[in-house]
Each structure stands twice: as C-alpha cells, then as structure tokens.
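Single-letter residue listing:
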Amino acid sequence: MFIRKAAVLGAGVMGAQIAAHLVNAGIPTLLFDLPAKEGDANSIVLKAIANLKKLKPTPLGVPSIADFIIPANYHDDLTKLSDCDFIIEAVAERIDIKESLYQKIAPFIHADAIVGSNTSGLSIETLASVLPNSLKPNFCGVHFFNPPRYMTLVEITPHLTTNPAIMDQLETFLTSALGKGVIRAKDTPNFIANRIGVFSILAMMHRAVEMQIPFEVVDQLSGKDFGRAKSALFRTLDVVGIDVLGHVIQTMTDQLKDDPWHPYYQVPEFLKDLIAQGKLGQKSGAGIYQKVGKNIQVYDLATKSYREASQQADAEVLAILKIKDPNQRLKKLRESTHPQAQFLWLSLSDLFYYCAYHVADIAHNVRDLDLAMRWGFGWREGPFELWQLAGFSDILAFVKEDITQGKALVKVALPNWLDQVKAVYQTNVAYDPEQNTFVGRSKLPVYARQLFPAPVLDESFNEGETWYETEVVRLWTLDQQVGILSFKSKNNTIGDDVLDGVLAAVKIAEEKAKALVIWQRQGDHFSYGANLKQVGETFTKFGPDAVRPVVEKFQRASQALRFATIPVVAAVKGMVLGGSCEFLLHCDRVVAAFESYIGLVEVGVGLLPAGAGCKEFALRAFQEARGDNPYRDMVAYFKQIAMGEVSSSAMDAKSRGYLRASDIIVMNPYEVLYVALQQASAMAATGYRPPMPARIPVIGKPGIADFEMMLVNMLKGQFISEYDFNIAMKIATILCGGMIEAGSVVDEAWYLKMEVDYFMELLQNPKTQARVKQMLETGKPLRN
C-alpha cells in the first residue's frame, strides 16, 4: 500500500512532531485540532506548525518542509480525510475524548485507510471497542516515541480483529518510508518500552531514596558507563517532563493492580511535590535540576529545596563501571559493599527479575524487548542481552539469591523456563518464552532491504568475499559484481594508511567490479574525517615536509574516486565530516540516510579543506551558474566552508550543496547499503564513463575583493577574529581561483596546488597548532 497523504489528529507536542516527520518523508500531511474560538479557525494548528521551527533539536529536515503540513480543524475539514491513506490519532489519553473523535471521523475515512492511535498505554482492545465497526479491521496502536524524528522505536499493537495484512503494510511503511524500528507489542498497559523503562526508573528512584544517594550522584552513575542514555536517570526526567512520567505511572497504577510490583507503581512523594509546584523539568525551567545564573542546582530530598549540584560519585565505583567485560563488571558491583555499587547492582537485579517475569506477557520474544529498550530508551544493550553477556547462569543465581535474602523488591516465583534454557540468544534466533521456542527475525519483504540490520547478541550476517584487506580498510563484495569499500580505523577516520588503502582499492575494483560502493561496516557514523592526531604527530616529529605528501595523497584519493573507470557511490549515515565529506563530494552519487550530518569543518582547527574539497565547491559553483557569473553560488559554498557549517539532516545537506539534486535520501539508515548497491548497478548498466577533467573560468581578483569587503565587515562587527579573517581569505582566494584576472581558465591541478599551499601555511601557524591541540585534548574548538 502506498501512502499518498496522511492525517494527524491532535496538534499537541507529539501530534505536531509526528506530522513533521511525515512531511520529512515526503508525505503531505493534514494536521487537525479543535477550531479556534476567535480569529482563524486553524490558528491552534498554525501556532503548532510555527512552533516546530523553534524546537531544538529540530523535528524538520529543513524549515521550509513545514509548508507541507496542511492545517485543518474538526469543524470545517473532516471531508479532507477521504484522501488520506494513513490517519493517526494523538489526542489526550482519555477514552471518552478518543471515542468522541472516532465517531466524528468515521464517515469520512476510505475503506483501505490505516487508522492508528498514538496512545502510550491505553488498551488497544478498549479503544477498538468504542470504534465504529467500519474502522475496526484497519485499526491498531501506533506508538511513536518522543521526539518522533530522532527516536527509532515505533510500537504497533493490534486488537483481536485487526486485519493481519494491515499490520504488515503498516510495519513496511513505518520501517522504510519513515525509517523506524518497528516492534509488535502485545496489548498490555504501556506496551513494552514504557512498561520496562518506567519500572526501571521507579525501581532506581526507590533504591536511590532508600539508600540516600544524592540525585546528581545517581546521574553520574546511571549514564553512558551504565549502558543508559547520556542524560542518565534524573536529567532524563527533566527532559521528558516530570508530569508526563506521572501520567505514565498512573496508567500502571490504574491498570496493573494484579502485578506483584504494583506497590511500586506510585509517583514518589518528592515528584508529587515538584508537580504541585509546577516544577516539571526543562519546559518549566526547573525540575530535579534548575539553573541559577551559570550554576546548576539539584533538588535535595532532606531539605526539599535546591542546592548546588556538587556531590561526586565514588571513584572506585566509577572505575568498576569502566570494566569492559560485563561478567566482571556486574560481579564487581555485586561484591562491593559501597552503597553506590549496591544501588547499581540491585537496580539491575530488579530489572532482570522484572523482565524475566513479564517478558512472555508483553513481548513476542526477548529480541523484541531488547530492541524496544535500545530504540525507545537509548540503552546500550537490552536487559536480556546484558544478562547473557554477563553470564546467564551466574546472573540467574545472583537474582535468586537476592530474592531469598529479601533484597528484591518483591518475592514471587521466577518462571520455570529460566532453568530450562542456558541462554536466551542462540545463533540468529531469540527465545520466545510463551511458545518455549527460539525464533528468527521477521520475514517481511521490507527487511530484505536491511543487509546488516541492528544486530542483537549472537547474530551473524553475510560478510561477503574479501578482495583486498589491510588493518584499516577492506574491499569486499556480496555478489562478485559491485565492490564495497569499508574503513576499519577508529571512528572510520582517514589517515595515511587509509589513503593508501583507498587508492589500492579503487584500482582493484576497476579490474574486478562493475561499480564501487563506499560504506562503513562499523559504527553509527560514516567518518569523522581526517586523522587529526596522526597529522599532528607527523608534523611534530618530522616537520611540514612530511605532511605535504600526505595532503597531496588525500587529493589523489579524492580524484581517484572522481575519475574511476567505474561508478562510485557513497552510502552514508550519521557524521560525515571534514575529509570524509571531501570523499563524498567526489563520488558519482551519494545515498544518504536522512539522519546524515555532513560538513567541511576544518576551520574549527584552523585549517581548510585540502582533500580537493575547495576545488570541488568551486567547480560546482561554476557548473551551477550555467554560463552566468558564479559569484552568488560561490558565496553560498564559501559560507559552508568558512563557517564550518554541518547539515542538520540529509535534506539540509542538499540545500547547502553537500548533496546534489541527483543524490538519494533514504529514511532508514539500515537500507543505505541496499539502495547504494542498486544505484551503482544501475549506473554501470548505462555504459558509465567518468567525467572529463574540468576547465574552470575563475572569478579571480574581483571576486576576492568582494569577499574581502564582506569579511572586513564581519571583522569590524566582531563576528570573527583576526585569525578567522586570515583563514577565510585563504578559502576565498582558492574558491575564486587565485589572484589572477577574472575569466582566466585554469585546470583542477591549479586549485589543488592552492589548497595544499594554504593548508601547509596554516598548519605552520602557532594559532592553528593551538586550535589542533585543544581539539585533540578537549574535543572542543578554540577561538583565537
């Protein structure tokens, strides 16, 4: 089923952002709300759309895409629903409100449309019971997580008479068209992720209060090193909204009365106090934390007031969290007598106990539960993955001991299957406790597009045949037709050894393949660019004469990609920065995941793009001018380089010129390799020929003078430093073709030499060296 148009019912925080992501995906979307009592009937929705442009991080691929959200209201515009193939309700979590709305919309929805509710916890069966009969077969739960653009997880939940084909169509649409990780949840309160995640939050808060661990210390312990989101426990509450958590907890309180853990499904008294005072988190300016001037204060349980957030986690406990082996890490936490270590261990023991008891009720297998927690809450591993990594039998014995010793929150029998299986993950299958069997992944055709999906424990994929490999690159193939080049360096950075590998791989691919795709097998990001540490060390040890050949080699690698005798396609996601962006600019086509953040960022360390990136932007400006003066296009490209701007999405990268109109944006990052292979094969089938070397008529001295005037004004206005001015003038000089007469025709080698010369001049400047040093030591740029 092809979704031509969508509708979102409810223009609140979630509804508006769901609409934003639908238009990100190229789907015109009606956004409905109540008619305003005064003025424009759609003013409620118009205000919500305007607010989308103010949110950080932005829910919009580019601000202008909001124009494709069509404002509507329930009084005047219900007939417009007849054109919509996907309708999602995102109104208040009250059955009576939802029932009233369903009755209103039913007459206007066509027979094949999918209708979903974004409820985060209400029973789908109960919602279906108040639906008009005409809507029931195509109705299900469709639960996005906040913020919808960035959170991978969508839980879909059928009721008893949902058409199975609709579930397949919906999962396919959400996966490929919207780029989501879809989990089919059972119809239980709060479904999977919120059920497990909110229980974990409640259990950890209970332990923290019980053990009198200050909240800022809890956050130091429960962040990335613990395998959770960087915002940890209490900062996450402030981001999500303490009142929002309260509503989710209330659902558990009301609907899970027979749950053994029901006594803990209560909003803690300190959160009730904060809610009563309107201290709801970031949106109200205060919650668990508040900022006073430049100081961060934290809520203190003892005084019921704020104090400076100055207390520190114990160094020995933090050291335990750094242990890489999960078995040793968890054992050390359990063995330690320090209250902070015991807090962490008991929080995990509570989690393992709870998940084991409930997994069969809420999920179809342990894989679904684990992926839901990774995608919906940002956990590094799901609970069952961590359990098995730490030793399934060992952890089971520890949990049983905690129960026996009265350390667990409750005392109920563990399910029998725990003693029957030695592991919940086996090769490419995961355990389903309800059926007492191991099951593989979904066979829906859409997943054939994910050659390397998000892996869970003990999964293996077809790694193809290696054609060429070093310590830092691998050239391989899946079909003997298209070569795939992947980096193996840390963060996929590009050093001298990677450049050697790229040059060798291109030659081999030209001999053995009909096309080449550059795609990274490791990590969440394409590449952070050049290996700055290696450049700095080479300069320090051997001087500038040793660096220049490396920069020239970088240019040869970029040019090798551009002039290869076979088509070269880059398949990218995440960060594509600096030198890796220069590689991208030289590929015949780019297939970019929507969440691709692309930019030439060299100015941040006092340098300029010298891997042929300046040359390529000058060439593009000339080509886009189509015989007119390219200065206007040149200014746009200049700003990207001189300000080190990075795109906020692949869509934004197109508007900035990092991607061309012919480049492909794919919503799901796990599909970029599949699409790139298809594109590369199609280009090869056309009888591909590499481009001819360019001859470029420069804008020369007049263009440089115009840039200088602009930069002088920025310097006088203190928008840039004197050294920024120096760097920017070098960039402008390269883009304009040097201090020669306008209209002079030069070749690419002319630009490349200027890039290297100015790069080396900057590298030898102490101010650039200071910028490089600070970036390597702190990860933050220096303004000097």
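The structure under discussion appears in the preceding block.
The sections below set out a description of the structure shown in this document. Once a new chain begins, its residue numbering starts again from 1 and follows that chain's sequence as written. In view of the model being predicted, local features appear only for residues whose pLDDT reaches at least 70, and side-chain atom pairs are presented and counted only at 80 or more, with totals across whole chains, interfaces and linings using the full set of residues. Water and hydrogen atoms were dropped before computing side-chain values, which therefore reflect all heavy atoms in the structure.

## Structural notes on the overall build of the protein
Numbering of helices and strands runs from the N terminus; a helix is a DSSP stretch of H or I covering at least four residues, while a strand is a stretch of E covering at least two. A count of helical and extended segments in the protein gives 28 helices and 23 strands. Relative to its length of 784 residues, the protein is compact, with a C-alpha radius of gyration of 28 Å against a globular reference of 28 Å. By its C-alpha atoms, the protein is 80 × 65 × 60 Å across when sized along the principal axes. Long-range pairs, those at least 24 residues apart, make up 71% of the contacts in the protein between residues at least 6 apart in sequence. Put simply, the radius of gyration uses C-alpha atoms, and a globule should come to 2.2 Å times the residue count raised to 0.38. Two residues qualify as a contact provided that any one of their heavy atoms is within 4.5 Å of a heavy atom in the partner residue.

## Quick word on empty space enclosed by the protein
A pocket, in this scheme, is an open set of points on a 1 Å grid over the protein atoms alone with protein on both sides within 12 Å along at least 5 of 7 lines, while a cavity is a set where a 1.4 Å probe fits but cannot get out; residues line either one if an atom lies within 4 Å of a point. Grid points are joined across faces, edges and corners, and a volume is the space filled by probe spheres set on the points. Counting across every chain of the model gives three cavities of 30 Å³ or more. Around the largest cavity, the lining residues are Phe 226, Gly 227, Arg 228, Leu 348, Leu 351, Trp 379, Glu 381, Gly 382, Pro 383 and Leu 386. Of all elements in the fold, only α13 (339-362) and α15 (383-389) reach the threshold of two or more residues within the lining of the largest cavity. For the lining of the largest cavity, the residue count by class is six nonpolar, two polar and two charged. Put simply, the second largest cavity is a space of about 50 Å³. Lining the second largest cavity are Asp 225, Phe 226, Leu 321, Arg 329, Leu 330, Leu 333, Leu 348, Arg 380 and Leu 386. Considering every element that reaches the lining of the second largest cavity, the biggest residue donor is helix α12 (residues 326-335), with three residues. Each residue gets one label: Ala, Val, Leu, Ile, Met, Phe, Trp, Tyr, Cys and Pro are nonpolar, Asp, Glu, Lys and Arg are charged, and the others, such as Gly, are polar. Each residue belonging to the lining of the second largest cavity can be placed in one class, and the counts come to six nonpolar, no polar and three charged.

## Some details on the packing of helix α6 (residues 193-210) against helix α9 (residues 242-255)
Between two packed helices, both the angle of their axes relative to each other and the distance between the axes serve to describe the pair. A fitted line through C-alpha atoms serves as each axis, taken over the contacting stretch for helices, and the angle formed by two N-to-C directions is quoted from 0 to 180°. Remark: α6 packs on α9, axes separated minimally by 11 Å, with the N-to-C direction vectors making an angle of 105°. Taken together, the axis directions place α6 and α9 in an arrangement best described as roughly perpendicular. On α9, the residues that touch Asn 194, Arg 195, Val 198, Phe 199, Ile 201, Leu 202 and Met 205 of α6 are Leu 245, Val 248, Ile 249 and Met 252. Taken together, the residues of the contact of α6 with α9 break down into nine nonpolar, one polar and one charged. Our angle categories are set so that under 35 degrees counts as roughly parallel, over 145 as roughly antiparallel, 65 to 115 as roughly perpendicular, and the remainder as oblique.

## As for the pairing of strand β5 (residues 114-117)
The alternating pattern of β5 places Ile 114 and Gly 116 and Val 115 and Ser 117 on opposite faces, both of which are buried. Where strand β4 (residues 86-89) and β5 come together, four bridges link them in parallel fashion. Considered in β5, the bridge of Phe 86 is made with Ile 114. When the strands point away from the viewer and the path from the first strand over the helix to the second turns clockwise, the crossover is right-handed. Each parallel crossover has a hand, and for β4 linked through helix α3 (residues 95-105) to β5 it is right-handed. The criterion for strand pairing is that DSSP finds at least two bridges linking the strands in question. Pairing between β5 and strand β6 (residues 139-144): three bridges, direction parallel. Looking at the pairing, Ser 117 lines up with Gly 141 of β6. Of the crossover connections in this fold, the one passing from β5 over helix α4 (residues 124-129) to the parallel β6 is right-handed. Exposure categories follow from relative accessible area, calculated using a 1.4 Å probe and restricted to protein chains: below 20% of the type maximum is buried, above 50% is exposed, and the middle band is partly exposed.

## So, helix α26 (residues 722-736)
What a helix is expected to span follows from its residue count: subtract one and scale by 1.5 Å. Here α26 spans 21 Å end to end across 15 residues, near enough to the 21 Å set by a 1.5 Å rise per residue. Across the 15 residues that make up α26, a large majority, 13, are buried. Downstream of α26 by one or two residues, Gly 737 has phi in the positive range, about 90°.

## Things to note about the environment of Val 182
As for its placement among the helices and strands, Val 182 is situated in strand β8 (residues 181-184). Judged by its relative accessible area of 7%, Val 182 falls in the buried class. Discounting residues that sit within four places of it in the chain, Val 182 has contacts with Val 154, Ile 156, Glu 171, Leu 174, Thr 175, Trp 375 and Tyr 447.

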